[in-house]
Amino acid sequence: MARTLAMFTDTSVCIGCRACEVACKQWNQLPAETPVWTGGYQAQSHFTDKTWRHVKFIEKKDERNEPKWLLMSDVCKHCNNAGCLEACPTGAIYRTPFGTVDISQDICNGCRYCVSACPFGVVAFNHGTGRVNKCSFCVDRTSEGMQTACAKTCPTKSIEFGYRDELAAKAKKRLAALRAQGVKEANLYGEDENGPLGGLNAFFLLMDKPEVYGLPVEPRLPQKPIFKDAGLSAGTAILVGLGAIVAFRQRGGGDNGGEE
Amino acid sequence: MPNLQSPHWPLLIDIYFFLVGLAGGAFMAAGVADIFGSRKDRVVTKVGTYLALLAMLPGPLFLIIDLGMPSRFLHMLMVPKAATTIGMSAINIGPFHIKPYSPMNMGAWALLGFGVCAFIVALTLYLEDKGGTINLAPVRGAFGAIGVALAFFVAAYPGQLLSATAQPFWRNARPLGALFLAIGASTGMATIALILSLRGPEVSGSLAKVRRAYTIAVVLQALALIAVFMAVARGPFWSASRAGLLTSGSYSLAFWVGAVGIGLLAPLILEVRDGFFQGYRQGRGMVAVASLLILVGGFLTKYVMFAVGQG
C-alpha cells in the first residue's frame, strides 16, 4: 500500500468562495443544481449526488453579539474505518491503494445501504443512474500523481492535499498557532488516527464545536457492535425455539386428540 | 443532530421484512413439530413448510425491484473482477464475497440458503404424501436443521441491518434483530394457526400446541420491544428523541394501538381467556381473531420501527 493520502481543510482561512465546489463539478463532470433556500448563502442544505464538495455557511453570534460566519468546505471524510465500505453488500465500495474510499460505478447496484450507514451523510443516491455517488478523492487524478481538484483550486489554501502524516503535523502546528493567538474554540476534527473511526483521511480544523457544523461529536462505525447484537438475536432465537419445543412436547391437557 | 441522508427504502421493503420474518417463523415451527411433535403434528410441519416457501418466494423479487440497477442483483453475492479491499471483515472466494459486517450481504446469502432448504424440505413432504417408498426423513432432517438455523437468521437480519446504520433511533436500537426475530416467530406461527383454524377438529391438538408456542413468542416480542426502548434511551438525544415519534408523535397511533394494543395486549388477553394456562381445554375459542391480531400488530410494529429511523 502506498503512503496514505489526505486532505486537510483549515476552516479558519476559508472565505466561502465555493471555488472548490466548482472545480469539483468541472473535473468530475457533475451538473449544476438549482440552489435550495437554506436561509443563508449556502447553496444546498447538504451533500447531494452531484455536490461532493459542499461549502457550509453557518451564521452565529460572537461574544459581542455581532453576527459572524463560520465557513467550512465539507467533503467525504474517507474514514479509515468506513461505515459505507463495510455496509456495501456488493463490494462496489473499496479502499484505494492511497487509503481513500471510492465507489466503483461498474459494480454498485443501487441498494442504498451505504447511504444509511454513513455517519456524515455523505453518500447520496443518484436517481438518474440508479447508483450512489460521493467524493472519489479524484481517484483519476491522484492515481496519476496529481492533487485533488478542490485542493488545487483553493485560493486561500484552506484545502490542502498531501501525505497524511505530513498534513497531520501541519494541522497540529496550525492549531497551536491559533490557540497561541487566543482562539480557544479551534479544534481538530478527525486528525487523530487513534480517534473515532480510526481517523479521517479528510480532516478539519474547526472554529467551533463539531455539532455547530452538523458533524457528529463522536462518529462511530455502525457495524462495530454487530456481533454483540447477533448474540442478542441468537439468545432470543433459543428462547423462541425452546418455547416451541416445550409447547410441542407437552403432554396431557393441550393435546385434545391425544397422542397416537 | 448531525447531517445524515436517508436511504428512502419504500413500503416494498417493509413488506419484504414482514414476509421473510413470517417465513422464518413458520419454518422454525415446522421443524420443531417435525422433530418434537407427535405424528398428528405432521400437519404443522406441512403447513409451516409450504407457508415458509410461499412467503419467502416474493422476497427476492421485491428486493430486486427496489434496486437502482435491478440487473445487478447478483452483485449482492458475486462480482467478477472485484476489488479485494472491500472491508475489514470481507472474505473473497473466487468471484464470491462474504461480508460479516454487512447484514445485507449476509442476508442475501442466508435468503438463498433458506430458500434452497425450504424447497427441499417441502419436496420431501410432497413426495412422501405422494406415497413414495423411499425414506426421505434423513434428507428432511438434514436440510430441516440447517434450514431452521437459516430461518432464524432471515427473521433476525433485517433488524440487525437497520441497527447497523448511522440513522437516528436505529443506530441505538441494538435489540432490533431480536425484536424482528420474535415478530417473525409470532407472525409465522400465528399464520399456521390461522390456516389450521380452518380445518376440522382432527387438528385441534396441534392447533393448541401452535397457540402455546406463538403466545410464548408474543411475550418475547413484548420483552424485546421494551429492550429496544431501553437501548434507544441510552443513545444521544438527537437519536433517542426519535422515540417520541412513537410514543406521542406522528406514529403514536400505529404504535400504541397497532404495535402494543393489537400486536401484544389483545392477543395475550385472548390466549389467556381461551385457556393458555389450562391447555386450551375449552376448544378453539378466538384463535382466528388472535392470530389475525398478531399478524396486523407484527406488521405495524416492524412498520413503525422502520419508519421512525428513516424519518
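Residues numbered from 1 in each chain as written. Chains lettered and ligands numbered in written order. Predicted model: local features only at pLDDT ≥ 70, side-chain atom pairs only at ≥ 80, totals over all residues.

Caption draft 1: Main features of the overall build of chain B. Per the secondary structure count, chain B includes eleven helices and two strands. For chain B, the sequential pattern of α-helices and β-strands runs α-α-α-β-β-α-α-α-α-α-α-α-α. By the compact-globule yardstick of 19 Å for 311 residues, chain B fits well, its C-alpha radius of gyration being 20 Å. Across its three principal axes, chain B shows a C-alpha extent of roughly 60 × 50 × 25 Å. With 311 residues in all, chain B has 56% of them scored as buried. Taking the intrachain contacts of chain B between residues at least 6 apart in sequence as the baseline, contacts between residues at least 24 apart amount to 73%. (Helix = DSSP H or I, 4+ residues; strand = E, 2+ residues; numbered from the N terminus. Rg over C-alpha atoms; globule rule 2.2 N^0.38 Å. Buried ≥ 20, exposed ≤ 12 C-beta atoms within 10 Å, placed from the backbone. Contact = placed C-beta atoms within 7 Å.)

Caption draft 2: Focus on the overall build of chain A. Within chain A, the regular secondary structure consists of seven helices and ten strands. Here the C-alpha atoms of chain A give a radius of gyration of 24 Å, more than 25% beyond the 18 Å that 2.2 N^0.38 yields for 260 residues. For the C-alpha atoms alone, the extent of chain A along its principal axes is close to 85 × 45 × 40 Å. By residue count, 50% of the 260 residues in chain A fall in the buried class. Within chain A, contacts between residues separated by at least 24 positions form 59% of all contacts whose residues are at least 6 apart in sequence.

Caption draft 3: Local environment of the nonpolar core. Of all hydrophobic cores here, the largest spans 185 residues; its most connected members are Cys84 and Cys114 of chain A together with Ala26, Ala29, Met189 and Ile192 of chain B. At 15 residues, helix H6 (residues 176-196) of chain B tops the list of elements feeding residues into this core. When residues of this core are assigned to domains, at least three map to each of domain 1 (5-213) and domain 2 (225-260) of chain A. Residues within four places of isoleucine 192 of chain B in sequence aside, it is in contact with Ala26, Ala29, Val44, Val47, Gly48, Leu51 and Val210 of chain B. (Core = buried A, V, L, I, M, F, W, Y, C linked by C-beta atoms within 7 Å. Domains from an automatic or database assignment.)

Caption draft 4: Quick peek at the packing of helix H7 (residues 226-249) of chain A against helix H1 (residues 11-36) of chain B. One can describe the packing of H7 of chain A onto H1 of chain B by two numbers: an axis separation of 9 Å at closest approach and a directional angle of 40°. Relative to H1 of chain B, the element H7 of chain A is oriented oblique. For the pair H7 of chain A and H1 of chain B, the crossing hand works out as right-handed. In contact with Gly241, Ala244, Ile245, Phe248 and Arg249 of chain A of H7 of chain A, H1 of chain B contributes Met28, Ala29, Val32, Ala33 and Phe36 of chain B. (Axes fitted to C-alpha atoms, helices over the stretch in contact; angles between N-to-C directions. Parallel < 35°, antiparallel > 145°, perpendicular 65-115°, else oblique. Left-handed = near helix turned anticlockwise from the far one by under 90°.)

Caption draft 5: Up close: the sheet that holds strand E1 (residues 5-10) of chain A. All names here are of chain A. The strand order E8-E1-E10-E9 describes an open sheet built from four strands, whose pairing is mixed. For this open sheet the edge positions go to strand E8 (159-163) and strand E9 (187-189), each flanked by a neighbour on one side alone. Here the average twist between neighbouring strands, direction ignored, is 20°. In the sheet, E9 pairs with strand E10 (residues 202-206) via three bridges, with the strands oriented antiparallel. (Pairing = 2+ DSSP bridges.)

Caption draft 6: Region of interest: unusual backbone geometry. Positioned with a positive phi, lysine 157 of chain A is a non-glycine residue whose angle comes to about 60°. Within the secondary structure, lysine 157 of chain A is located in the loop between helix H5 (149-153) and E8. Residue classification places lysine 157 of chain A among the exposed residues on the basis of 10 C-beta atoms within 10 Å. The backbone phi angle of histidine 8 of chain B is positive, close to 50°, even though this residue is not glycine.

Caption draft 7: Fine view of the environment of valine 148 of chain B. Residues and elements named next belong to chain B. Along the chain, the position of valine 148 falls in helix H5 (residues 137-163). Residue valine 148 is classed as buried on the basis of its C-beta count, with 24 C-beta atoms lying within 10 Å. For the pair valine 148 and alanine 29, spaced 119 residues apart in the sequence, the C-alpha separation amounts to 8.7 Å. Not counting residues within four places of it along the chain, the set of residues in contact with valine 148 comprises Phe27, Met28 and Gly31.

Caption draft 8: Region of the structure containing the environment of leucine 61 of chain B. Relative to the elements of secondary structure, leucine 61 of chain B occurs in helix H3 (residues 58-66). On a C-alpha basis, the gap between leucine 61 of chain B and tyrosine 16 of chain B in space is 9.4 Å, while along the polypeptide they are 45 residues apart.

Caption draft 9: Structural view of the interface of chain A and chain B. With 62 residues of chain A at the interface, the matching set in chain B holds 69 residues. If you list the elements that add at least two residues to the side of chain A that touches chain B, you get helix H2 (83-87), strand E4 (93-95), helix H3 (113-117), strand E6 (124-126) and H7 of chain A. For the side of chain A that touches chain B, the element with the highest residue contribution is H7 of chain A, accounting for 16 residues. Residues that form the side of chain A that touches chain B fall into these classes: 31 nonpolar, 22 polar and nine charged. (Nonpolar A, V, L, I, M, F, W, Y, C, P; charged D, E, K, R; others polar.)

Caption draft 10: Geometry of the environment of glycine 188 of chain B. Residue and element names in this part refer to chain B. Position of glycine 188 among the secondary structure elements: in helix H6. Classification of glycine 188 as buried rests on a count of 32 C-beta atoms within 10 Å. Residues glycine 188 and alanine 23 lie 165 residues apart in sequence; the distance between their C-alpha atoms is 6.1 Å. Each residue touching glycine 188, except ones within four places of it in the same chain, is listed here: Leu22, Ala23, Gly24, Gly25, Ala26, Met28 and Ala29.

Caption draft 11: Highlighting the pairing of strand E3 (residues 67-74) of chain A. All names here are of chain A. Judged from the eight bridges that link them, strand E2 (residues 54-61) and E3 form a sheet pairing that is antiparallel. Its bridge partner lying in E3, glutamate 59 is registered against tryptophan 69. The hairpin formed by E2 and E3 contains five residues between the paired strands, and asparagine 65 there has a positive phi angle of roughly 65°.

Caption draft 12: Structural context of the confidence of the model for chain B. This prediction gives chain B a mean pLDDT of 95; 100% of its residues lie at or above 70. Scoring of the predicted complex yields 0.95 for pTM and 0.95 for ipTM. (pLDDT = per-residue confidence, 0-100.)

Caption draft 13: Layout of the domain arrangement of chain A. Assigned domains within chain A: domain 1 (5-213) and domain 2 (225-260). Computed from C-alpha coordinates alone, the two centres of domain 1 of chain A and domain 2 of chain A are separated by 50 Å.

Caption draft 14: Main features of the pairing of E10 of chain A. All names here are of chain A. Counted residue by residue, E10 has five buried out of five residues, so it is predominantly covered. The alternating pattern of E10 places Ala202, Phe204 and Leu206 on one face and Phe203 and Leu205 on the opposite face, and all of these are buried. As paired elements, E1 and E10 share four bridges and run parallel to each other. Bridge pairing in E10 links phenylalanine 8 to phenylalanine 203.

Caption draft 15: Representation of the packing of H1 of chain B against H6 of chain B. All names here are of chain B. In contact at an axis separation of 6 Å, H1 and H6 are set at 65° when each is read in the N-to-C sense. Between H1 and H6, the crossing angle belongs to the class labelled roughly perpendicular. Like other packed secondary-structure pairs, H1 and H6 cross with a definite hand, here right-handed. Across the interface between the two elements, Gly21, Leu22, Ala23, Gly24, Gly25, Ala26, Met28 and Ala29 from H1 touch Phe180, Ile183, Gly184, Ala185, Ser186, Thr187, Gly188, Met189, Thr191 and Ile192 from H6. A per-class count over the contact of H1 with H6 returns ten nonpolar, eight polar and no charged.

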